[in-house]
Amino acid sequence: MNRRTFLGTAAGSLALAQQVSLADMPHQKPLVSAHVWVFSSDMPKYDCFSVLDNVFADVKYAGFDGIELMDVALHHDDSVAKIGDLMQKTGVSLIGASHGQSMWDKNKQAENVDNAGKIIERIAKLKGRVLGISVGDARRKKTPEEFDIQAETLKKIQTIGRQYNVLPNLHNHTYEVADGLYDLTNTLQRVPSIALGPDLDWLFQAKVDVPTFLKTYADKIVYMHLRDHLWTGVWSEALGEGIMDFGAIARQLKQLGYTGDMTVELAFPYGYKPTRPIRDSLKMSRQVVKKQFGV
């Protein structure tokens with residue numbers, strides 16, 4: 001199974017009613033973090049828990065403030081203790097976790113809410129602040145009824161997030177923003193208070209104009225993922241090795257007043273053999289973020 005198949009299955013402040021804003025969060029300094037996908041993609045069940053010592057060491061070496069886990073790493077009974085210990089040893093914070101479920105499936109609604117609640121609780125124990133939500137790909141256009149269930153599920157997760165000071169935000173792959181933002185638009189119509197945490201490269205892959213998206217949703221974006229790609233669309237090993245114009249993105253975000261968090265999520269094409277250690281690609285990417293975004 002490759003990354004695309006897995007993902008298919010599996011600035012401003014937000015001051016809207018029924019939602020936690022970044023001003024309400026315990027940490028207000030924007031963090032630049034690294035996502036663990038590049039360490040997890042070839043692991044059983046995409047779970048890098050067994051190598052978290054190396055992951056935290058590499059993220060520290062690369063100069064990142066924080067780390068974003070995949071939710072599976074927080075399912076272990078000793079996850080809070082182990083991750084907390086690594087945070088203390090390395091000085092690398094946990095910003096939160098990415099979390100994907102079939103939010104539109106009525107039969108799984110109770111299970112989905114319960115699973116999200118457990119992850120949020122553990123993020124909070126580790127002083128994290130975001131939950132990046134993938135709503136699930138139905139492999140077709142969802143029905144109005146399914147969007148209603150999806151919205152209801154998200155609202156329940158928002159309620160839990162407020163309880164623990166963890167901010168749920170909609171992460172996107174291609175399916176959420178394909179067909180004229182069909183999935184995302186239907187979700188926002190039903191849950192206008194939900195925050196957004198877009199992946200700028202997935203927007204590009206879905207043929208969405210990134211500058212227009214950022215401008216349109218500036219008042220809802222609290223978080224974002226950064227990745228680079230070659231002119232063919234294939235991912236590069238590090239930020240700065242592809243054609244993504246991070247300087248232009250940084251200038252636009254400054255104009256929009258964005259002061260939120262951002263995370264580098266490196267990914268390799270299926271079967272690709274990297275030419276350098278991951279830690280060095282992360283370090284190169286961190287330097288690009290510092291140079292272009294000034295953080």
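Just above sits the structure.
Residues numbered from 1 in each chain as written. Predicted model: local features only at pLDDT ≥ 70, side-chain atom pairs only at ≥ 80, totals over all residues. Heavy atoms only, no water.

Enquirer: Looking at this structure, I do not really get the environment of Asn 172. What am I missing?
Expert: Positionally, Asn 172 belongs in the loop between strand S5 (167-170) and helix H7 (178-190). Under the relative-accessibility criterion, Asn 172 is labelled buried at 4%. Once the C-alpha coordinates of Asn 172 and Arg 251 are considered, the two residues, 79 residues apart in sequence, prove to be 22 Å apart. Non-local contacts of Asn 172, meaning those with residues more than four positions away in its chain, are made with Val 177, Gly 197, Pro 198, Asp 199, Trp 202 and Leu 203. Within polar-contact distance, the side chain of Asn 172 engages the backbone nitrogen of Asp 199 at 2.8 Å. (Helix = DSSP H or I, 4+ residues; strand = E, 2+ residues; numbered from the N terminus. Buried < 20%, exposed > 50% of the residue type's maximum accessible area, 1.4 Å probe, protein only. Contact = heavy atoms within 4.5 Å. Polar contact = N/O pair within 3.5 Å; in protein donor to acceptor, adjacent residues only side chain to side chain.)

Enquirer: What is the right way to look at the environment of Asn 165 in this model?
Expert: Assignment of secondary structure puts Asn 165 in the loop between helix H6 (144-164) and S5. Counting along the chain gives 38 residues from Asn 165 to Lys 127, while the straight-line C-alpha distance between them is 9.2 Å.

Enquirer: Where do I start with the pattern of salt bridges in this structure?
Expert: Oppositely charged side chains can form a pair if their charged atoms are brought close together. Tallied over the entire structure, the rule returns 15 salt bridges. Close ionic contact of Arg 276 with Glu 237 constitutes a salt bridge, the shortest N to O distance being 3.6 Å. Within this pair, whereas Arg 276 is found in the loop between strand S8 (261-264) and helix H11 (278-293), its partner Glu 237 is found in the loop between strand S7 (223-226) and helix H10 (246-256), the two being separated by 39 residues in sequence. Taken together, the shared-partner salt bridges in this structure form one network comprising Asp 199, Asp 201, Arg 227 and Glu 265. (Salt bridge = Lys/Arg side-chain N within 4 Å of Asp/Glu carboxyl O.)

Enquirer: What is the right way to look at the packing of aromatic side chains in this model?
Expert: Two aromatic rings are characterised by how far apart their centres lie and by the angle between their planes. This model, assessed by the stated rule, comprises six aromatic pairs. Centroid distance Phe 147 to Tyr 182: 5.5 Å. Interplanar angle 70°. Geometry classified as edge-to-face. Placement of the pair is Phe 147 in helix H6 and Tyr 182 in helix H7, with a sequence separation of 35 residues. By relative accessible area, Tyr 182 is classed as partly exposed at 25%. On the basis of an interplanar angle of 50° and a centroid distance of 4.8 Å, the ring pair of Phe 213 and Tyr 217 is categorised as tilted. Exposure class is identical for Phe 213 and Tyr 217. Each is buried. The positively charged end of Lys 141 is found above the aromatic ring belonging to Tyr 182, 4.9 Å away from the centroid. One residue, Lys 283, lies across the ring of Tyr 61, its end atom 4.8 Å from the ring centre. (Phe/Tyr/Trp six-rings, centres within 6.5 Å; stacked < 30°, edge-to-face > 60°. Lys NZ or Arg CZ within 6 Å of the ring centre and 35° of its normal.)

Honestly, it's all geometry; don't read function into it.
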